[in-house]
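# Secondary and tertiary structure notes
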Amino acid sequence: MTTKALRDRFWELPLEQLTDREWEALCDGCGGCCLVKLEDEDSGELAFTNLACRYLDASKCQCRVYDQRFSKVPDCIRVTEAVARNTDWLPSTCAYRLRAHGQPLPHWHPLLTGDRRSVQQAGKSVAGRVVSEQLIPEEDWEEHIIHWVE
């Protein structure tokens, strides 16, 4: 079986035209989608925390159970074009969210720099800045609200 190469500058195409492989490659690997978010019951405002899903490898910003994530984490949400267009729980710098709104990738995106470390160098990665949700009792999660995710 041969693996089809990624098209040149595929990230500039509308999301619905991407292959599955191109869709996966669009992710910048920041880990922001894997953070616990809290919603204010009165205002509906969403707050990011520095608590990461138990399966996030916080040093690499990669899911340790990526292929089984939906069965292991029932509330893990598949990022689709509709989700990217209509959600506020993805960071504003997320490539899926940006492209769903017709915006270009940020200058630090690995597809533009050729370097996966550019996300962390730009301060957009959660690597080294989060703890596992398993380590903090749920009643203390509000104490972990952060403001460094855009």
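Attention here is on the structure that accompanies the text. (Residues numbered from 1 in each chain as written. Predicted model: local features only at pLDDT ≥ 70, side-chain atom pairs only at ≥ 80, totals over all residues. Heavy atoms only, no water.)

### Notes on the layout of surface pockets
For the second largest pocket, the calculated volume is near 240 Å³. In terms of lining residues, the second largest pocket is bounded by Leu38, Glu39, Asp40, Glu41, Ser43, Glu45, Ala47, Glu138, Trp141, Glu142 and Ile145. Looking at the lining of the second largest pocket residue by residue, the class counts come to 4 nonpolar, 1 polar and 6 charged. (1 Å grid on protein atoms, 1.4 Å probe; cavity = no way out; pocket = protein on both sides within 12 Å on 5 of 7 lines; lining within 4 Å. Points joined across faces, edges and corners; volume = space filled by probe spheres on them. Nonpolar A, V, L, I, M, F, W, Y, C, P; charged D, E, K, R; others polar.)

### So, the pattern of salt bridges
Here the idea is simple: oppositely charged side chains can pair when their charged atoms come close. Under the defined criterion, the tally for this structure stands at 6 salt bridges. Across the salt bridge formed by Asp115 and Arg117, the nearest N and O atoms sit 3.1 Å from each other. (Salt bridge = Lys/Arg side-chain N within 4 Å of Asp/Glu carboxyl O.)

### What to know about empty space enclosed by the protein
Across all of its chains, the model carries 1 cavity of 30 Å³ or more by this definition. As for the largest cavity, its lining consists of Cys30, Gly32, Pro91, Thr93, Gly123, Lys124, Val126, Trp148, Val149 and Glu150. In terms of residue class, the lining of the largest cavity is made up of 5 nonpolar, 3 polar and 2 charged.

### What to know about the environment of Thr87
Structurally, Thr87 is set in the loop between helix H3 (81–86) and helix H4 (95–100). Of note is the side chain of Thr87, whose polar atom sits 2.7 Å from the side chain of Trp89. (Helix = DSSP H or I, 4+ residues; strand = E, 2+ residues; numbered from the N terminus. Polar contact = N/O pair within 3.5 Å; in protein donor to acceptor, adjacent residues only side chain to side chain.)

### Observations concerning the environment of Cys63
Looking at the secondary structure, you find Cys63 in strand S4 (residues 62–63). When the C-alpha atoms of Cys63 and Cys53 are compared, they prove to be 8.7 Å apart, with 10 residues separating the residues in sequence. Ignoring anything within four residues of it in the chain, the contact list for Cys63 reads Tyr55, Leu56 and Arg69. (Contact = heavy atoms within 4.5 Å.)

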